[in-house]
Amino acid sequence: MKWFLDLFSSSLGRKVLMALTGIFLILFLAVHLAGNLQLLKDDAGKSFNIYADFMGHNPLIQLVSKGNFAFILLHAIWGIMLTIKNRKARGPQGYANPNKSSVWASRNMGILGTLILIFLVIHLKDFYAQAHFGSLSTQVYEGKEVTDLYTQVAYWFNVEWYVSLYVICMAALGFHLWHGFASAFQTLGLNHMKYNPVINFVGKTFAVVVPIAFAIIPIFMYLGISF
Amino acid sequence: MKLESKIPEGPLAEKWTKHKFNLKLVNPANKRKYDVIVVGTGLAGASAAASLGELGYNVKAFCFQDSPRRAHSIAAQGGINAAKNYQNDGDSVYRLFYDTIKGGDYRAREANVYRLAEVSVDIIDQCVAQGVPFAREYGGLLANRSFGGAQVSRTFYARGQTGQQLLLGAYSALNRQIANGKVKMYNRTEMLDVVVVDGKARGIITRDLITGKIEAHSAHAVLLCTGGYGNVFYLSTNAKGSNVTAAWRAHKKGAFFGNPCFTQIHPTCIPVSGTHQSKLTLMSESLRNDGRVWVPKKAMPGLKSQEAMKLPESERDYFLERKYPSFGNLVPRDVASRNAKQVCDEGRGVGSGLAVFLDFTDAIKRDGEDTIRAKYGNLFDMYAQITGENPYKGPMMIYPAVHYTMGGLWVDYNLMTTVPGLYALGEANFSDHGANRLGASALMQGLADGYFVIPYTIGDYLATIGWNDKVGTDHPAFKEAMDGVNERVTKLLNIKGKKTVDEFHRELGHAMWEYCGMARNEEGLKKAKKIIQDLKAEFWTNVNVLGGASELNQELEKAGRVADFIELGELMVDDALNRSESCGGHFREESQTPEGEAMRKDDEFTYAAAWEYKGDNQQEALHKEELKFENVKLTQRSYK
Amino acid sequence: MKITLKVWRQKDTNSKGAFKTYQHDHVSPDMSFLEMIDVLNEELTHKGEEPIAFDHDCREGICGMCSLYINGRPHGPLQTTTCQLHMRSFTDGQTITVEPWRASAFPVVKDLVVDRTAFDRIQQAGGYINVNTGGVPDANVIPIAKKIADEAFDAATCIGCGACVAACKNASAMLFVSAKVSQFALLPQGQVERKERAEKMVAQMDAEGFGSCTNTYACEAECPKGIKVTNIARMNREYFTAMLSSYQIETKGGGD
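Thresholds, definitions, all that
Residues numbered from 1 in each chain as written. Chains lettered and ligands numbered in written order. Predicted model: local features only at pLDDT ≥ 70, side-chain atom pairs only at ≥ 80, totals over all residues. Heavy atoms only, no water. Domains from an automatic or database assignment. Buried area = accessible area lost by both parts, 1.4 Å probe. Salt bridge = Lys/Arg side-chain N within 4 Å of Asp/Glu carboxyl O. Contact = heavy atoms within 4.5 Å. Helix = DSSP H or I, 4+ residues; strand = E, 2+ residues; numbered from the N terminus. Expected span 1.5 Å × (residues − 1). Bend = angle between axes of the 7 residues up to and from the residue. Buried < 20%, exposed > 50% of the residue type's maximum accessible area, 1.4 Å probe, protein only. Pairing = 2+ DSSP bridges. Axes fitted to C-alpha atoms, helices over the stretch in contact; angles between N-to-C directions. Polar contact = N/O pair within 3.5 Å; in protein donor to acceptor, adjacent residues only side chain to side chain. Nonpolar A, V, L, I, M, F, W, Y, C, P; charged D, E, K, R; others polar. pLDDT = per-residue confidence, 0-100. Left-handed = near helix turned anticlockwise from the far one by under 90°. Patch = residues over 30% accessible without salt bridge, like charges linked within 9 Å, V, L, I, M, F, W, Y side chains within 5 Å. Areas by Shrake-Rupley, 256 points an atom, 1.4 Å probe, with all protein chains shown as cover. Phe/Tyr/Trp six-rings, centres within 6.5 Å; stacked < 30°, edge-to-face > 60°. Lys NZ or Arg CZ within 6 Å of the ring centre and 35° of its normal.

Let's shift gears to the domain arrangement of chain C. Residues and elements named next belong to chain C. Split by domain assignment, chain C resolves into domain 1 (3-110) and domain 2 (117-252). A C-alpha centroid distance of 30 Å is found between domain 1 and domain 2. Summed over both partners, the interface of domain 1 with domain 2 comes to about 1,400 Å²; 57% of that surface belongs to carbon and sulfur atoms. Where domain 1 meets domain 2, there are one salt bridge. Put simply, Arg73 and Glu222 hold a salt bridge, and the shortest N to O gap is 2.9 Å.

Set out below in structure tokens:
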């Protein structure tokens, strides 16, 4: 087993964990977004609540969800540890003029990640924890009683500072993805002249479209726009 | 003392084979009982240290740079010759031998040169096995090119960075032995003396360049692989750190210095831009394949390349094409260099006055800018970067610069100097290039010496003396040598004069370049001797070296090296004075044909000059090693 | 030209360093950056002030010894080595900050000189092919596709200057290490020890205390020889394949 520990304690192995968890979280984002977009449906939250209920009770989804939490934690803790270790590698004396030859987002993944982590805590406290352990009211659709998460969301998405925070954090997510998406492939060694353009295009598109789509939801709900 | 070249008997082609058989061998179990010191980690040093480590000897290797990979072999651009005849164009060991002897203007030993040509083929095999990425054809086999006017394509290359790739190959072999514990590497450590006891080299004294600590190292044999001394001219294409100190210290301890005046001057270098100039940059001479060399017919001081474009053809003098209609711009290095100097001396130099044009206008018109870019793009970029001028829009300016020194420590066929147990390899020795070196032969010689000659010849010496014939560093001779080194360091730091080390170095360089450079005459050489003697006296009373002895002190390092360069400079002048013939890179104005071409005096000078140190400020004694040519006929070079 | 130089001065590894400002009034645009310091050093010597220590050797961009961090960039504003940087890249009156490479694996020796022997130790860990001198096959017995040979060459062109480490916000040596791993992973000669080499070199790199790569690609942007980050991806692949499928190896000390 020593080799396994060696692998994941090596500088390359640490990065693999970041890449693998990162890619999983990217997939999660896509799924999460698909669900969230239902908030904009003009049905007083019906489809969203049914979807949320399904996600909250399907055993497979629940299993994946637990994994998701673990990955978020792993990604965050590992990221913080990496950042600390990397800071140390610079040595006791830093530069008077730090190097700026790379993309801003690439150099500031730690800060962006921390922002996202703070957002996640708030986000989970107000939505996930409320849905699972809180005392939200319920709604009955086609004879089935489900938690009315929609109202909770709609409440917060009418609070100005909350919407602003949400939008700012989605910007951070966008920058985080701008670097993270292609970076994960590079770390896994998936860098090839033939496929790099595809990875880069998908990555950059994802980094722009997904956070914007996420951010649009609170903005539209705040403005009362639905479809 | 009589010079013994130890050239084996027998037909040329069998000498090395027979000699290898006759050399004594060291029992494999006994090899670990022998210590060998290797100074310098360029092609010769790294390959020797690695090969000796592989054989089982305990090797200590030293370099003054921060890593063995920095040695100046790394800067060689063109390529490495080998008589592989992969191109089926008629090459052979004999042809490479012949070209090298002829190129050296018949001032090298036949036997050495033949051996060099013979092992050249093994070098390529060795380097490829190490993973050196030589250029290849589409079929996957090795590519060759013709280089330096050779009639066959025998040059192997790795883009314009052949020296780098070969050195990194040797460095990797060295690293492997360091990892195996067979080589102990001392970075940033400079050799400052050789210790000789009972007439044999027993070790060296070094200075740790970071702590300033003076240390003694003993061994059964010492290999000097410390490169050439082109920096005696201050400005040369050598690295700033390249120096003669190790060789010069050995010379003072009894190693004869061979043909010190033989220096090679490369015609296509970027001209000096001002007094701040610290070194010169060479551009591959392949540029002369398409570039035309010219100056204005009438002196036009300060002519710039933009204005030159407007000068009508009738007012230009394409002097190489005019004087050498059959070879034109492709005349050998020394001829091209000398002619450039001549037109500049006439006042027709361009730019600063010390430059001639190398014009690609016709080539660009003929082949298009893209073709020229594909051929020479990296060189043009280099030129643009250094000069700030666009060579596609106007002619380049070039001027000759010191590039290589064929002279060096005199060695016998076994590469041993006149001090038993002390060897010299690569550019540090004088052996294989005679009075002029062919393009792409320096890399070949460095690696031949290190990989394929010394591993055999050193065994003979070691087996002869036996492993218990070793002197420890507790011997008084080591103490004495250490005291000497310490004393010299202290002396340099205590002069506290008014001139910087570089000021002395520039003065020396100026005198050498002016009087012992591309063309030499008795009057100038005598003048130079006086200048150098005065400079030496002034140096030891007026140099200013700041800082301490027990720390990284780059001025102190330089001071020690320049002090040695000054002494070497005088010997070079002596040698040039003595050799009143013109041969190879050495052009004595007194010895030329009516057309102004170099003229050898074979009846008087068919020998290698080996100089013996006789004490401080004493005239050195000349020994002559007669050169016997049994296989080639001596002819005068002609490029008309 | 006149310039103001802010130069890091530090007596030795254990001393504390600080910036010192010099007014330099005799600068020609044709000087290389190193020549500019040469001239300053001569002036300092005449004034009785110890000259600035800095590493340099070939001054033609190939030995990899020069190593100045100029205005926030290793080797300054151009993608070359410092010795090939000329003062015409700066403007009259400009203030130029010169620092040594900063990395815990590259301790400062004096002023602008740092200790890069960590790089040597990484190469010693596996940056070679185990062949003795002699006894090797004829060079043309091993055909290598031109494209592969060219790509291996591109990696092999690394000069080991350490600009990648200096530029990287994590002081990571991945570009340097991956260049050698790539060269041998591509060439047929390197296949025999391919896995072991990747493992050993990475282990030594970590032991020296370099940081992890976070794919900012500052190294590629600053590398004077244009070494590509595709090499890093290749090394990642090589390393993971090796770790998942080879035998255990031992690491050697040094650094950290």
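The next point concerns the arrangement of the chains. The highest contact count of any of the two pairs of chains in contact belongs to chains B and C. Between chain A and chain B there is no contact, and the shortest C-alpha to C-alpha distance separating them is 20 Å.

Residue and element names in this part refer to chain B. Between its first and last C-alpha, helix α11 (residues 369-387) extends only 20 Å over 19 residues, short of the 27 Å set by a 1.5 Å rise per residue. A maximum bend of about 85° is found in α11 at Tyr376. Among all positions of α11, only Ile372, Tyr376, Gly377, Leu379, Phe380, Met382, Tyr383 and Ile386 are buried. Among the structural elements, α10 (361-367) and β15 (396-405) are those in contact with the buried residues of α11. Of the residues one or two after α11, Gly388 is the one with positive phi, at around 75°.

Residue and element names in this part refer to chain B. Here five strands make up an open sheet; going across it, the order is β5-β2-β1-β9-β17 and the pairing parallel. Two strands close off the open sheet at either side, each with one partner strand: β5 (183-186) and β17 (422-424). With strand direction ignored, the average angle separating the axes of adjacent strands in the sheet is 20°. Of the strand pairs in this sheet, strand β1 (residues 35-39) and strand β2 (residues 58-62) are connected by five bridges, and their pairing is parallel. The residue of β2 that forms the bridge with Val36 is Val59.

A few words on the interface of chain B and chain C. Opposite the 78 residues of chain B that make contact, chain C presents 75 residues. Between chain B and chain C, a total of about 6,300 Å² is buried, with carbon and sulfur atoms accounting for 50% of that surface. Inspection of the chain B/chain C interface yields eight salt bridges. The shortest N-O distance in the salt bridge between B:Arg188 and C:Asp55 comes to 2.8 Å. One can count 51 residue pairs in polar contact (both at pLDDT 80 or more) joining chain B with chain C. Residue assignment for the side of chain B that touches chain C shows that the elements contributing at least two residues are α2 (43-55), α4 (110-129), α5 (162-179), α11, α12 (442-465), α14 (501-515) and α16 (554-578) of chain B. Of all the elements, α5(B) adds the most residues to the side of chain B that touches chain C, at nine residues.

Taken residue by residue, the interface counts 35 residues in chain A and 49 residues in chain C. Together, the buried faces of chain A and chain C total about 3,400 Å²; carbon and sulfur atoms form 52% of this surface. For the pair chain A and chain C, the interface holds zero salt bridges. One can count 25 residue pairs in polar contact (both at pLDDT 80 or more) joining chain A with chain C. Sorting the residues of the side of chain A that touches chain C by element identifies α1 (2-9), α2 (11-36), α4 (59-90), α5 (104-107) and α8 (160-187) of chain A as the ones contributing at least two each. Residues of the side of chain A that touches chain C, tallied by class, amount to 10 nonpolar, 18 polar and seven charged.

Moving on: the confidence of the model for chain C. Of all residues in chain C, 96% have pLDDT values of 70 or greater, and the mean over the chain is 95. The ipTM for the predicted assembly is 0.96, set against a pTM of 0.96.

Take the packing of α2(B) against α5(B) next. Residue and element names in this part refer to chain B. Where α2 contacts α5, the two axes come as close as 8 Å, and the packing angle between them is 30°. For the pair α2 and α5, the sense of crossing is left-handed. Facing α2, whose interface residues are Leu43, Ala46, Ser47, Ala49, Ala50, Gly53 and Glu54, α5 presents Leu166, Leu167, Ala170, Tyr171, Ala173, Leu174, Arg176 and Gln177. Considered class by class, the residues forming the contact of α2 with α5 number 10 nonpolar, three polar and two charged.

Bringing the sheet that holds strand β12 (residues 292-296) of chain B into the picture now. Sheets are built from strands paired through backbone hydrogen bonds, the pairs being either parallel or antiparallel. Residue and element names in this part refer to chain B. The antiparallel open sheet is built from five strands, whose spatial order is β11-β15-β14-β12-β13. Each end of this open sheet is capped by a strand with a single partner; those strands are β11 (263-269) and β13 (316-317). Here β12 runs beside β13; their pairing, made up of two bridges, is antiparallel. Note on β13: the bridge partner recorded for Val295 is Asp317.

Right, let's get into α4(B). Residues and elements named next belong to chain B. The terminal C-alpha atoms of α4 lie 30 Å apart, and with 20 residues this matches the ideal 28 Å at 1.5 Å per residue to within 8%. Along α4, the largest kink reaches about 30° and is centred on Val119. Most of α4 is tucked away: 19 of the 20 residues are buried. Note on α4: the residue one or two positions beyond its end, Gly131, has a positive phi of about 95°.

Residues and elements named next belong to chain A. On the surface, Val103, Trp178, Val208, Val209 and Ile212 cluster together to form a nonpolar patch covering roughly 410 Å² of accessible area. Take the nonpolar patch: its biggest share by element is three residues, from helix α9 (residues 196-223). The residue Ile212 is located in helix α9 in this model.

The phi dihedral of A:Glu142 falls on the positive side, at around 45°, and the residue is not glycine. On the secondary structure map, A:Glu142 appears in the loop between β1 (138-141) and β2 (144-147). We classify A:Glu142 as exposed; its relative accessible area is 67%. At B:Ala440, a position not held by glycine, the phi torsion is positive, near 70°. One can find B:Ala440 in the loop between β17 and α12.

With that settled, consider the pattern of salt bridges. Residue and element names in this part refer to chain B. According to the stated counting rule, one finds 77 salt bridges over all chains in the structure shown. With a closest N to O distance of 2.7 Å, Glu625 and Arg109 form a salt bridge. In this pair, Glu625 is assigned in strand β19 (residues 621-626) and Arg109 in the loop between α3 (93-103) and α4, connecting sequence segments 516 residues apart. Given the relative accessible area of 5%, Glu625 is considered buried. Asp616 serves as the salt-bridge partner of Lys536, at 3.3 Å between the closest nitrogen and oxygen. One end of the pair, Lys536, is in helix α15 (residues 522-542); the other, Asp616, is in the loop between β18 (607-612) and β19, with 80 residues separating them in the sequence.

The next subject is the packing of aromatic side chains. Using the criterion set out here, one finds 50 aromatic pairs over all chains in the structure. On the numbers, 6.0 Å between centres and 70° between planes, the contact of A:Phe127 with A:Tyr162 is edge-to-face. Within this pair, whereas A:Phe127 is found in helix α6 (residues 109-133), its partner A:Tyr162 is found in helix α8, the two being separated by 35 residues in sequence. Just as A:Phe127 is buried, A:Tyr162 falls in that class too. Here B:Tyr34 and B:Tyr57 contribute two aromatic rings whose centre-to-centre distance is 6.3 Å and whose plane-to-plane angle is 75°, an arrangement assigned as edge-to-face. On the criterion of sequence distance, the pair formed by B:Tyr34 in the loop between α1 (15-22) and β1 and B:Tyr57 in the loop between α2 and β2 is long-range, its members being 23 residues apart. The two residues B:Tyr34 and B:Tyr57 agree in class, both being buried. Ring-pair connections join several aromatic residues into one group, and the members of that group are A:Phe119, A:Phe127, A:Tyr155, A:Trp156, A:Phe157, A:Trp161, A:Tyr162 and A:Tyr166. Just above the ring of B:Tyr186 sits the side chain of B:Lys184; from NZ or CZ to the centre is 4.9 Å. One Lys or Arg, C:Arg102, reaches over the ring of C:Trp8 and ends 4.1 Å from the middle of that ring.

In this fold, C:Gln189 is placed in the loop between α5 (174-186) and α6 (194-207). With a relative accessible area of 9%, C:Gln189 lands in the buried category. Beyond its immediate stretch of four places on either side in the chain, C:Gln189 contacts B:Val128, B:Ala129, B:Gly131, C:Ile129, C:Ile142 and C:Ile144.

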